[in-house]
Amino acid sequence: MSSKNSHNQLWPLRFLLPFFLLQYAYQPMDYDSTYATVRGALLDGVFGPPKGGVYSPSVQYTLYQMALTALERAPQVESVFLNMPNLHFLPCTPVGSKFEDDVYIATSEPHGNIEAVVTRKDAKPHARL
């Protein structure tokens, strides 16, 4: 069984779906530049360096690292909200073929969403309750 591939396998039998919801609050500035900075930070936070990637023990850890990296690189961003699906996949051997760590089927259970909000210490509240 291979330990990683070049697409989305983080380690054996653990996959990350490249889908998440992102919202961030920021002070007025150049939107396009901030978007590019935050996007790059999130990608680096989830995938790590091109050679070797980054180990992640959980989806919660990955979300936190992504948000932390965005806050570190974009000082105008006050907070980051992330929502990521927590889906599981099982190895599958199609009839008449040999499993070579290449076919996985999404399961319906367990599943859910994992959310995180990471803010700066001095961030202002987003809403008054």
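Definitions and limits used
Residues numbered from 1 in each chain as written. Predicted model: local features only at pLDDT ≥ 70, side-chain atom pairs only at ≥ 80, totals over all residues. Heavy atoms only, no water. Buried < 20%, exposed > 50% of the residue type's maximum accessible area, 1.4 Å probe, protein only. Helix = DSSP H or I, 4+ residues; strand = E, 2+ residues; numbered from the N terminus. Pairing = 2+ DSSP bridges. Core = buried A, V, L, I, M, F, W, Y, C linked by side-chain atoms within 4.5 Å. Polar contact = N/O pair within 3.5 Å; in protein donor to acceptor, adjacent residues only side chain to side chain. pLDDT = per-residue confidence, 0-100. Contact = heavy atoms within 4.5 Å. Axes fitted to C-alpha atoms, helices over the stretch in contact; angles between N-to-C directions. Left-handed = near helix turned anticlockwise from the far one by under 90°. Expected span 1.5 Å × (residues − 1).

Description of the pairing of strand S7 (residues 113-119)
Okay, step 1: Side chains Ile114, Ala116 and Val118 of S7 all project onto a buried face; the interleaved residues Asn113, Glu115, Val117 and Thr119 project onto a face where none is buried.
Okay, step 2: Bridge count between strand S4 (residues 77-85) and S7: seven bridges; the pairing is antiparallel. Bridge pairing in S7 links methionine 84 to isoleucine 114.

Observations regarding the nonpolar core
Okay, step 1: Core analysis: the biggest nonpolar cluster contains 19 residues, and Val38, Leu63, Val77, Val80 and Leu82 have the highest contact counts within it.
Okay, step 2: Looking at this core, the elements that each hand over two or more residues are helix H1 (31-47), helix H2 (59-73), S4 and S7.

Brief notes about the side chain of asparagine 83
Okay, step 1: Along the chain, asparagine 83 turns up in strand S4.
Okay, step 2: Asparagine 83 gets classed as buried once you look at its relative accessible area, which sits at 11%.
Okay, step 3: Among the polar contacts listed, one links the side chain of asparagine 83 to the side chain of glutamate 115, at a separation of 2.7 Å.

A few points about the confidence of the model for the chain
Okay, step 1: Overall, the prediction assigns the chain a mean pLDDT of 76, with 79% of residues at 70 or greater.
Okay, step 2: Across the chain, element-level confidence peaks in H2 with a mean pLDDT of 90 and bottoms out in strand S1 (residues 9-11) with 44.
Okay, step 3: Taken together, the stretch residues 1-13 has pLDDT below 50 and engages in 26 contacts with residues farther than four places along the chain or on a different chain.

Some remarks on the packing of H1 against H2
Okay, step 1: Between H1 and H2, the shortest axis-to-axis distance is 8 Å and the interhelical angle comes to 145°. Judged by the twist between their axes, the crossing of H1 over H2 is right-handed. Across the interface between the two elements, Thr37, Val38, Gly40, Ala41, Leu42, Asp44, Gly45 and Val46 of H1 pack against Thr62, Gln65, Met66, Ala67, Thr69, Ala70 and Arg73 of H2.

Considerations on the environment of leucine 22
Okay, step 1: Mapped onto the elements of the fold, leucine 22 is located in strand S3 (residues 21-26).
Okay, step 2: Leucine 22 sits 45 residues away from alanine 67 along the chain, and the two C-alpha atoms are 9.5 Å apart.
Okay, step 3: Residues contacting leucine 22, with those up to four places away along its chain left out, are Val38, Leu42, Val80, Phe81 and Leu82.

A short note on the sheet that holds S7
Backbone hydrogen bonds hold the strands of a sheet together, and the pairing may be parallel or antiparallel.
Okay, step 1: Spatially, three strands are ordered S3-S4-S7 in an open sheet, and the strand pairing comes out antiparallel. Only two strands of the sheet have a single partner each, and these edge strands are S3 and S7. Going from strand to strand, the sheet's axes swing by 10° on average, the running direction of each strand aside.
Okay, step 2: In the packing of H1 onto the sheet, contacts are made with S3 and S4, and the angle to S3 comes to roughly 130°.
Okay, step 3: Sitting on the sheet, H2 is in contact with S4 and S7, with an inclination near 155° to S4.

A short note on H2
Okay, step 1: Counted at 1.5 Å a residue, the expected span for H2 with its 15 residues is 21 Å, and the 21 Å between its end C-alpha atoms agrees.
Okay, step 2: Listing the buried residues of H2 in full gives Val59, Thr62, Leu63, Met66, Ala67, Thr69, Ala70 and Leu71.

Regarding the pairing of S4
Okay, step 1: Of all nine residues in S4, nine are buried; the element is thus mostly enclosed.
Okay, step 2: Pairing of S3 with S4, which is carried by six bridges, proceeds in the antiparallel orientation. Across the sheet, residue tyrosine 24 finds its bridge partner in S4, namely valine 80.

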